[in-house]
Amino acid sequence: MNYHVKCGRHSGIPECCIDWFVGPWSFIRTFGEEWALYWQMNDKDKGVEYIRCPKCIEESIVIGIKECVCENR
Ligand SMILES: [Zn+2]
Ligand SMILES: [Zn+2]
């Protein structure tokens with residue numbers, strides 16, 4: 001299994017955000033316009049320590065990250 005998916009789950013990141021991270025997000029060009037816009041939106045809520053999916057950004061859902069202690073890290 002993709003370790004992003006595995007450790008995302010260990011960290012308590014919602015399934016929808018993991019799907020977004022390993023899917024559409026990985027196709028967004030780093031430092032592109034879409035990328036910049038994303039960070040602007042992701043940062044509008046406080047205490048966000050992970051990549052949120054657009055739906056969670058829309059609904060201002062922020063999950064407190066648990067520490068992942070497995071070897072994949
Ligand atoms: Zn892990
Ligand atoms: Zn989400």
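A tally of regular secondary structure across the chain gives four helices and zero strands. Compactness check: the chain gives a C-alpha radius of gyration of 12 Å against a globular reference of 11 Å for 73 residues, within 12% of the reference. When burial is assessed residue by residue, the chain has 12% of its 73 residues classed as buried. Nonlocal contacts in the chain, meaning residues at least 24 apart in sequence, comprise 57% of its contacts between residues at least 6 apart.

If you look at the biggest cluster of nonpolar residues, it comprises seven residues: Ile13, Cys17, Ile18, Trp20, Cys53, Cys56 and Ile57. When residues no more than four places from it in sequence are discounted, the contact partners of Cys53 are Cys16, Cys17 and Trp20.

This part is about unusual backbone geometry. Negative phi is the rule for most residues except glycine; trans is the rule for most peptide bonds. Not every positive phi belongs to a glycine, and Phe31 is a case in point at roughly 70°. Within the fold, Phe31 resides in the loop between helix H2 (15-22) and helix H3 (33-42). Its 7 C-beta neighbours within 10 Å are what place Phe31 among the exposed residues.

Next up on the list: the environment of Asn2. Of note, Asn2 is situated in the segment before helix H1 (3-10). In this structure, the C-alpha to C-alpha distance between Asn2 and Asp19, residues 17 residues apart in sequence, is 11 Å.

Analysis parameters
Residues numbered from 1 in each chain as written. Chains lettered and ligands numbered in written order. Predicted model: local features only at pLDDT ≥ 70, side-chain atom pairs only at ≥ 80, totals over all residues. Helix = DSSP H or I, 4+ residues; strand = E, 2+ residues; numbered from the N terminus. Rg over C-alpha atoms; globule rule 2.2 N^0.38 Å. Buried ≥ 20, exposed ≤ 12 C-beta atoms within 10 Å, placed from the backbone. Contact = placed C-beta atoms within 7 Å. Core = buried A, V, L, I, M, F, W, Y, C linked by C-beta atoms within 7 Å.

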